[in-house]
Amino acid sequence: MQTPLKNAWIYLENGIFFQAKTFGADITSVGELVFNTSLTGYQEITTDPSYAGQFVCFTMPEIGIVGTNPQDMESRGVFAKGILCRHYNENYSNFRASESLSALLKRHNAMGICEIDTRFLTKTLRKSGAMMMVASTEITDKEALKEILQNSPRIEEINYIKEVSTKAPYQHTNGNFDFSLMDYSTPKTQRKILAIDFGIKRSILNQLVNAGFSVEVIPHSFNAQELIARFTKGDFDGIFLSNGPGDPQVLTQEIAKIKALIEAKIPLFAICLGHQLLSLAQGYPTYKLKFGHHGGNHPVKNLRTNKIEITVQNHNYSVPESIVEIAEVTHRNLFDGTIEGVRYKNALICSFQHHPEASPGPLESTMLFKEFATLLKQA
């Protein structure tokens with residue numbers, strides 16, 4: 001039998017105030033509320049560093065059924081402020097599970113909120129856009145919560161990269177998880193790539209290894225001139241710019257260093273935040289979408305093949321249409337027509353807004369990793 005849940009109180013910046021139940025940490029927390037339409041993979045979503053500073057509202061009504069396990073962790077912890085769901089299942093059932101979602105959230109001081117109308121919240125976000133919220137298991141007064149929210153910085157004012165990025169370089173050698181052996185594969189590698197960690201997902205690193213790369217992960221605080229010197233000596237073949245949280249325009253130091261890498265003619269491959277940083281580094285400002293793209297069912301058209309790929313999305317920002325001045329648009333989102341992929345005209349640079357590593361989600365875009373490996377061989 002599931003243990004009785006405690007109460008929690010939530011205040012949204014549009015004035016909505018309601019009471020719910022909690023199964024995570026007993027704290028007061030402020031963050032940006034977004035919704036995610038994925039039907040599976042709540043652990044991968046919850047541990048994705050790109051959600052740092054955000055509360056994730058799941059449209060899937062039943063959460064917690066399969067528990068959690070070490071293999072499905074996308075990072076070293078939970079960086080999201082918390083999750084919201086219609087119904088939470090403490091009594092999980094899965095042969096791979098080692099603990100409940102509640103235990104994972106509590107261990108990483110993140111909130112779990114349930115017994116709420118997630119359909120109403122999703123419709124509110126679609127109409128009004130992503131918004132800031134405060135949730136508490138300690139404070140019951142609406143006006144007190146409102147004051148906390150008004151006095152807290154907004155997500156676009158905070159640099160979360162310092163929190164989520166690795167502190168020291170390391171080698172990543174694992175490929176995809178082999179369920180028949182209950183272990184990670186170790187494919188042979190042919191080219192070396194440096195992965196700059198702005199909040200990188202482990203599944204992305206696994207796909208880079210699968211594509212034939214030897215992968216060295218380095219912190220966001222890299223020295224551009226040192227990397228350029230290493231590339232000149234032939235120490236590596238290309239650089240990967242990872243996904244990550246927050247507003248890319250806050251990362252002024254990282255943008256300046258990426259600009260130096262571009263000028264040095266180093267081959268670059270980027271996903272999500274890295275895709276946006278490449279645009280900013282070349283003078284094309286990003287803009288914020290109304291409620292962002294978060295889910296595993298977004299149709300994207302590959303303009304080179306005219307095929308439709310169902311993709312994983314997790315971003316609030318997009319690159320501008322003016323990027324066509326320096327890049328060919330290779331992919332477009334069929335929901336709203338926004339740019340999903342580009343290949344730069346005068347450099348060996350490919351970048352994509354969606355997540356081809358598919359964790360969780362469909363596998364239809366995973367070939368992008370091998371396409372970049374092929375481009376490096378031809379360079």
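The following refers to the structure shown. (Residues numbered from 1 in each chain as written. Predicted model: local features only at pLDDT ≥ 70, side-chain atom pairs only at ≥ 80, totals over all residues. Heavy atoms only, no water.)

What follows deals with the pattern of salt bridges. This model, assessed by the stated rule, comprises 15 salt bridges. Note that R96 and D72 form a salt bridge whose closest N and O atoms lie 3.1 Å from each other. Taken together, the residues span a long stretch of sequence, with R96 in the loop between β7 (87–88) and α2 (101–107) and D72 in the loop between β5 (62–63) and β6 (82–84) at a distance of 24 residues. Of the two residues examined, R96 and D72, each falls in the buried class. Between D235 and R230 there is a salt bridge; the shortest N-O distance is 2.5 Å. Shared partners join several salt bridges into a network, and the residues in it are E13, E32, R154, E156 and K288. (Salt bridge = Lys/Arg side-chain N within 4 Å of Asp/Glu carboxyl O. Helix = DSSP H or I, 4+ residues; strand = E, 2+ residues; numbered from the N terminus. Buried < 20%, exposed > 50% of the residue type's maximum accessible area, 1.4 Å probe, protein only.)

On the basis of which strands lie adjacent, the open sheet formed by 10 strands has the order β10-β14-β13-β15-β16-β21-β20-β19-β17-β18 and mixed pairing. Each end of this open sheet is capped by a strand with a single partner; those strands are β10 (170–172) and β18 (307–318). For this sheet the average axis-to-axis angle between neighbouring strands, irrespective of direction, equals 25°. Inspection of the sheet shows strand β20 (residues 339–344) paired to strand β21 (residues 349–352) by three bridges, in the antiparallel sense. By the bridge assignment, R343 is partnered in β21 with C350. Across the sheet, helix α10 (residues 367–378) lies against β13 (191–196), β14 (213–218), β16 (268–271), β18, β19 (327–333), β20 and β21, angled at about 170° from β16, the strand it touches most. (Pairing = 2+ DSSP bridges. Axes fitted to C-alpha atoms, helices over the stretch in contact; angles between N-to-C directions. Contact = heavy atoms within 4.5 Å.)

For the rest of this paragraph, the subject is helix α7 (residues 224–232). Residues three or four positions apart in an α-helix share a direction because the helix packs 3.6 residues into each turn. Considered for burial, the residues of α7 that qualify are A224, L227 and I228. Considered in projection along α7, the buried side chains sweep an arc of 100° and stay on one side of the axis. Counted as exposed and oriented over 90 degrees from the buried face of α7: Q225 and E226. Looking at the packing, one finds that the buried side of α7 touches β13, β14, β15 (238–241) and α8 (252–263). Of the residues flanking the start of α7, the one acting as N-cap is N223, its side-chain oxygen 3.0 Å from the backbone nitrogen of Q225. Of the residues one or two after α7, G234 is the one with positive phi, at around 80°. (Arc of directions from axis to C-beta. Polar contact = N/O pair within 3.5 Å; in protein donor to acceptor, adjacent residues only side chain to side chain.)

Attention now moves to the sheet that holds strand β8 (residues 111–114). The mixed closed barrel is built from seven strands, whose spatial order is β1-β2-β8-β6-β4-β3-β9. Averaged over all neighbouring strand pairs, the angle between strand axes comes to 35°, with direction disregarded. Note: strand β4 (residues 54–58) against β6, three bridges, orientation parallel. Pairing of F55 across the sheet is with G82, part of β6.

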